[in-house]
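A look at the structure
Each chain, letter by letter, is given below.
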Amino acid sequence: MAAATGQGDPLALGELLPPPLLPAASSRGSRWGDHEEIAQIPFKILQGHKDAVSSCHFCCEDTKILSSSFDRSVKLWDVAKGVHIQVFEEEHTAPISECSLTPDNKRVITSSYDKTVKAWDMETGKMLWTIEHEGLVTSCNISYDGKYVVSGLDKENAICITDAVNATTVMYLQDHHRSTVTRCCFDPDNQRVASVSYDKTIKLWDIVAQSTTITIDEGHSNVISDCCFTLDGRYLCTASWDRTLKIWDIKTGDFRHHGPIVLKEGHQGSVSSCIFSKDASLVVSGAYDKNIAVWDIRTGYKKLTLQGHGDWVMDVAVSSNKKWILSSSKDSTLRLWNIEKADHIPAVIENRKRCSQIVQCEDCEKPFSLLQCNDSGVVTKCVFCRLAMPTRNIMPLPPTCSPDL
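Read on for an overview of the structure.

Calculation notes
- Residues numbered from 1 in each chain as written.
- Predicted model: local features only at pLDDT ≥ 70, side-chain atom pairs only at ≥ 80, totals over all residues.
- Heavy atoms only, no water.
- Helix = DSSP H or I, 4+ residues; strand = E, 2+ residues; numbered from the N terminus.
- Buried < 20%, exposed > 50% of the residue type's maximum accessible area, 1.4 Å probe, protein only.
- Areas by Shrake-Rupley, 256 points an atom, 1.4 Å probe, with all protein chains shown as cover.
- Phe/Tyr/Trp six-rings, centres within 6.5 Å; stacked < 30°, edge-to-face > 60°.
- Pairing = 2+ DSSP bridges.
- Axes fitted to C-alpha atoms, helices over the stretch in contact; angles between N-to-C directions.
- Polar contact = N/O pair within 3.5 Å; in protein donor to acceptor, adjacent residues only side chain to side chain.
- Contact = heavy atoms within 4.5 Å.
- Core = buried A, V, L, I, M, F, W, Y, C linked by side-chain atoms within 4.5 Å.

**As for the overall build of the protein**
Assigned secondary structure in the protein consists of three helices and 30 strands. Relative to its full complement of 405 residues, the protein shows a buried share of 56%. Accessible surface, the protein as shown: approximately 17,500 Å² in total, 48% of it carbon and sulfur.

**Describing the packing of aromatic side chains**
In this description, a pair of aromatic rings is defined by centroid distance and the angle of the planes. Applying the stated criterion across every chain, the model contains six aromatic pairs. On the basis of an interplanar angle of 80 degrees and a centroid distance of 5.9 Å, the ring pair of F88 and W120 is categorised as edge-to-face. Residue F88 is found in strand 5 (residues 83–88), and its partner W120 is found in strand 8 (residues 116–121); the two are separated by 32 residues along the sequence. The same class applies to F88 and to W120, which are both buried.

**Some thoughts on the pairing of strand 13 (residues 169–173)**
Bridge count between strand 12 (residues 159–163) and strand 13: four bridges; the pairing is antiparallel. When the bridges of strand 13 are listed, I161 appears paired with M171. Taking the residues that link successive antiparallel strands as the turn, the strand 12-strand 13 hairpin has five residues, and the phi of A167 there is positive, at about 60 degrees.

**A look at the sheet that holds strand 15 (residues 192–197)**
The strands making up a sheet associate through hydrogen bonds between their backbones, and the pairing can be parallel or antiparallel. With antiparallel pairing, the four strands of this open sheet are ordered in space as 14-15-16-17. Of all strands in the sheet, those with a lone pairing partner are strand 14 (181–186) and strand 17 (211–216), marking the two edges. Mean inter-strand twist for the sheet, computed between neighbouring axes without regard to direction, equals 20 degrees. Of the strand pairs in this sheet, strand 16 (residues 202–206) and strand 17 are connected by five bridges, and their pairing is antiparallel. By the bridge assignment for strand 17, K203 is matched with T215.

**Quick notes on unusual backbone geometry**
With phi around 60 degrees, N105 is a residue other than glycine that occupies positive phi space. Tracing the backbone shows N105 in the loop between strand 6 (96–101) and strand 7 (107–112). Even without being glycine, S332 reaches a positive phi, approximately 75 degrees. By secondary structure assignment, the location of S332 is in the loop between strand 27 (324–329) and strand 28 (333–338). You can call S332 buried: its relative accessible area is 18%.

**Brief notes about the side chain of D226**
When you line up the elements, D226 lands in strand 18 (residues 224–229). A polar side-chain atom of D226 sits 2.9 Å from a polar atom in the side chain of R183. The contacts of D226, once residues within four sequence positions are left out, are R183, V196, C237, T238, A239, S272, S273 and C274.

**Let's talk about the sheet that holds strand 1 (residues 43–47)**
Ordered by their spatial adjacency, four strands build an open sheet running 1-28-27-26, and the pairing between neighbours is antiparallel. Sheet topology places strand 1 and strand 26 (313–318) at the edges, where each strand pairs with a single neighbour. Taking each pair of neighbouring strands and ignoring which way they run, the sheet shows an average axis angle of 20 degrees.

**Let's talk about the pairing of strand 28**
Counting buried residues in strand 28 gives six out of six residues, a clear majority hidden from the surface. Sheet analysis places strand 1 next to strand 28, joined by five bridges and oriented antiparallel. Bridge assignment links K44 to a residue of strand 28, and that residue is L336. Pairing of strand 27 with strand 28 involves five bridges; the strand directions are antiparallel. Residue pairing in the sheet places I325 in a bridge with W337 of strand 28. Between the end of strand 27 and the start of strand 28, which pair antiparallel, lie three residues, with S332 showing a positive phi angle near 75 degrees.

**Section: the environment of S143**
Looking at the element boundaries, S143 is found in the loop between strand 10 (137–142) and strand 11 (148–153). Separated by 47 residues in sequence, S143 and N190 have C-alpha atoms that sit 5.8 Å apart. Among the polar contacts listed, one links the side chain of S143 to the backbone nitrogen of K147, at a separation of 3.2 Å.

**Brief notes about the nonpolar core**
Counting 17 residues, the largest nonpolar core has I41, V284, I292, L306, I325, W337 and I339 as the members making the most contacts within it. For this core, the elements supplying multiple residues, two or more each, are strand 1, strand 23 (282–287), strand 24 (292–296), strand 25 (301–306) and strand 26. The element contributing the most residues to this core is strand 26, with three residues. Formed by 15 residues, the second largest nonpolar core is a distinct cluster that contains L245, I247, I261 and V283.

See the structure below:
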């Protein structure tokens, strides 16, 4: 059941009894709200994949969902009905590690452990082209202008940039990392590619300069599993098996002097995925502890924990209007969470009153929540403005932990 714990402890909302048995496959997913009536965060379970669901995205103005799976298929779902309406399959011969969608919603890119990257026509479901690599393809992402695809490889610890139209290799960066690349993505300006790896490093490759412009060694104390940009390209968020997330001011390079913003004590297991909301006010993360965490970025604290998946949460997404959280899991399901009224839940309101008060930042003059759950002194600046303070305190990282995978 949903419950609030003692002062300073995280809220756990959406923790439920096992959902009722669903009807036969023909009508499965046709009902809205698989949640119990007592659930404070309504959710819907999307069933249809036969194995772990590796990635998920909102698309078509949040009316559709795209998901990829270890069952070697990609499915397009109707959000309102909760059923899949298109299936891309019978081409990959091994688990699909990730799917990515062009901004115009016309093409789907998939990467797979069968050592290929494929492009699909969104409307017909037909495959457009295939690129073969020598190693497993762990990640794929298409640029915001739809012109390029970047893929991460375990062979030669490389990233490969490909022309998305004619499927020709533009750049192959061998030994870009010291170990397997776990995730790679374009920045919104289509100028740089961020990549993270088992080697605990973060790298930014500049496409125009054709060089690595930023390298962050030991960015985390364990494997870095995911990375994502804010829509303005200024901040990069990284998720790690060290159970933390970090936010790096990439555009100004301020992290070199003051370090990143650290989000911690949100998960009990390795963090596997992260995503910013469109307005960068929230970060959503998924982890090996089967939970999804929703973080308020201006204050740097965990706002909600969504519980209910039966296994590791592999990917997360947030709708453009921030009303919906999407999660995919190793339990072969997706869950669509309605957080639209989360701020009006009594437990959330009480926790907010107990732990914080709203004040105005003396620098940017924007309102932010002043946490009062500890004995720290009075804070007059929001998290982002405090990045410029040379004396800003950063809590030490937890000791290195072995991966939970």
